[in-house]
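# Architecture and fold: a report
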Amino acid sequence: LLTDTERWNANLIGHLDITDNIRLFGEGWYSHTKGVNLVTQPEYNTGAFSGCEAPAPGVGNPCGNLVLSIDNPFLTADQRAAIVEAINNGFSDQNIFGVEQDYFYLSRANTDFASGRATSTDDIYRVVLGLDGKFDFLAGRWNWELVANRGIGKSKGRSTVVNTQNLFNALDAVLDDSGNIVCRPGYTNSEFPTLNATCAPLNVFGSGRASQAAIDYILSVANRRATNKQFVVTADVAGPLFKLPGGDLSVAFGVEH
């Protein structure tokens, strides 16, 4: 409900009367904010978030159900038998489409992969410089203003996220010739680096079952950078053209870039 937040603000506002009718004014503004998101919602894999039901299009959608082989070596014999029985007797693609189904779906809230901790820092700079004044013209007092506004906002953030391609590699676990559980040979790593570049098989059957090597293989550090710039110039003049019985007829002209 509460996150660590650090905020600094500095403002400088002033003006200089050049003459009785002309004024130079300015404003300087700086804001620094840093927040630490300690825990967030976990990353989910569920059919409620995306249609990834095989053999329909979208199998392996990042947020969809995990699609796993019934031969996954992390399953016990009893677990595998229960899954096969559910496929044969339940609401499955095998019964709907008439194809031999050697896979099953797993929905998961991945609380044991990453905590959701993230940091975000924002720095905003703003400078305003302008001239304004007044003069007598036609039916009375006219006012004018010329202002330039320059602003820059810089934002950066850091978080740890699940790398989908490496996740799918780690889920595709098989037994090697020595009976060890390994990633299926021939996998291709994601082009985005993860904490561990060597594929390690991922056990998703239960919370906290995954090895640290597998978790490091599926997690990438995401660094976000953004810069927004603003430059605005405005000029305007307003005053009365002539007097009428009910008051002045006044006009205003302005331009903004």
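Report on the accompanying structure. (Residues numbered from 1 in each chain as written. Predicted model: local features only at pLDDT ≥ 70, side-chain atom pairs only at ≥ 80, totals over all residues. Heavy atoms only, no water.)

## Considerations on the overall build of the protein
Our working definition: Helical segments are the DSSP runs of H or I of at least four residues, strand segments are the runs of E of at least two, and each set is numbered from the N terminus. C-alpha atoms define the radius of gyration, and 2.2 Å times the number of residues to the power 0.38 defines the globule rule. Any residue under 20% of the maximum accessible area for its type is buried, any over 50% is exposed, and the rest in between are partly exposed; the area is computed with a 1.4 Å probe on protein chains only. Here a residue-residue contact requires only that any non-hydrogen atoms of the pair lie within 4.5 Å. Residue-level accessible areas treat just the shown protein chains as cover; the underlying method is Shrake-Rupley with a 1.4 Å probe.
Within the protein, the secondary structure is distributed over 4 helices and 12 strands. Against the 2.2 N^0.38 benchmark of 18 Å for 257 residues, the protein shows a C-alpha radius of gyration of 32 Å, more extended than a compact globule. Relative to its full complement of 257 residues, the protein shows a buried share of 30%. Contacts spanning at least 24 positions in sequence make up 63% of the contacts within the protein whose residues lie at least 6 apart. In the structure as shown, the protein presents an accessible area of about 16,100 Å², 56% of it carried by carbon and sulfur atoms.

## Examining a nonpolar patch on the surface
Applicable threshold: Distance thresholds for patches are 9 Å for like charges and 5 Å for nonpolar side chains (Val, Leu, Ile, Met, Phe, Trp, Tyr), applied to residues having over 30% relative accessible area and no salt bridge. Between Lys or Arg on one side and Asp or Glu on the other, a salt bridge is scored when a side-chain nitrogen of the former is within 4 Å of a carboxyl oxygen of the latter.
The grouping of Phe 135, Phe 137, Leu 138, Leu 241, Phe 242, Leu 244 and Leu 249 at the surface amounts to a nonpolar patch, some 610 Å² of accessible area in total. When contributions to the nonpolar patch are tallied by element, the ones reaching two or more residues are strand 7 (118–137) and strand 11 (219–244). Looking at the nonpolar patch element by element, the count peaks at 3 residues for strand 11. Relative to the assigned elements, Phe 137 resides in strand 7.

## Some details on the state of the cysteines
The following threshold applies: Count a disulfide wherever a pair of cysteine sulfur atoms falls within 2.5 Å.
One pass over the full model with this rule turns up 1 disulfide. Note on cysteine connectivity: Cys 183 is disulfide-linked to Cys 199, with sulfurs 2.1 Å apart. Because the torsion about its S-S bond is -85 degrees, the bridge between Cys 183 and Cys 199 counts as left-handed. With Cys 183 in strand 10 (residues 181–183) and Cys 199 in the loop between strand 10 and helix 4 (212–218), the pair connects residues that are 16 residues apart, well separated along the chain.

## Thoughts on the pairing of strand 8 (residues 140–162)
Cut-off, in case you're wondering: By definition, two strands form a pair when at least two bridges between them are found by DSSP.
As defined by bridge partners, strand 7 adjoins strand 8 across 20 bridges and the pair is classed as antiparallel. Along strand 8, the bridge assignment pairs Lys 134 with Asn 143. Joining the antiparallel neighbours strand 7 and strand 8 is a turn of 2 residues, in which Leu 138 adopts a positive phi near 50 degrees. Looking at chain direction, strand 8 and strand 11 are connected through 20 bridges and run antiparallel. Bridging across to strand 11, Asn 143 finds its partner in Ala 238.

## Here we look at the nonpolar core
Where we set the bar: In this text, buried Ala, Val, Leu, Ile, Met, Phe, Trp, Tyr and Cys residues form a nonpolar core when linked through side-chain atoms within 4.5 Å.
Among the nonpolar cores identified, the biggest contains 25 residues, and Leu 68, Leu 202, Val 204 and Ile 218 are the most heavily contacted of them. Of all the elements in the fold, those that place two or more residues in this core are strand 4 (66–69), helix 1 (77–89), strand 5 (103–106), helix 3 (164–171) and helix 4. Tallying contributions element by element places helix 4 first for this core, with 4 residues. Those residues in contact with Leu 202 that lie beyond four places of it in its chain are Phe 74, Phe 113, Leu 167, Ala 170, Leu 171, Ala 210, Ala 214 and Ile 218.

## What about the side chain of Ser 155?
Counted only if it meets this: Polar contacts, as used here, are pairs of N or O atoms within 3.5 Å; protein pairs need one atom able to donate a hydrogen and one able to accept it. Residues neighboring in sequence count only if both atoms are side-chain atoms.
Locating Ser 155 in the fold gives a position in strand 8. By relative accessible area, Ser 155 is classed as buried at 14%. Within the local environment of Ser 155, its side chain forms a polar contact with the side chain of Asp 122, the two groups lying 2.9 Å apart. Leaving out residues up to four positions away in the same chain, Ser 155 has contacts with Thr 121, Asp 122, Arg 224, Arg 225 and Ala 226.

## Quick notes on the packing of aromatic side chains
The cut-off we apply is this: The rule is short: rings of Phe, Tyr and Trp, with Trp giving its six-membered ring, pair when the centres are within 6.5 Å, and they are stacked under 30 degrees, edge-to-face over 60, tilted in between.
Inspection of the entire model under this criterion finds 7 aromatic pairs. A ring pair is formed by Tyr 30 and Tyr 125, whose centres lie 5.1 Å apart and whose planes are at 40 degrees; its orientation type is tilted. One end of the pair, Tyr 30, is in strand 2 (residues 22–37); the other, Tyr 125, is in strand 7, and 95 residues separate them in sequence. Looking at Tyr 125, the relative accessible area reads 39%, which means it is partly exposed. Pairing Phe 135 with Trp 142 gives two aromatic rings, centres 6.3 Å apart and planes at 20 degrees, and the pair type is stacked. Among the aromatic residues, ring-to-ring pairing joins Phe 135, Phe 137 and Trp 142 into one connected group.

## Concerning the pairing of strand 2
As paired elements, strand 1 (residues 4–17) and strand 2 share 14 bridges and run antiparallel to each other. Across the sheet, Ala 10 pairs through a bridge with Tyr 30, a residue of strand 2. In textbook terms, the turn of a hairpin is the stretch between consecutive antiparallel strands, and for strand 1 and strand 2 this stretch comprises 4 residues.

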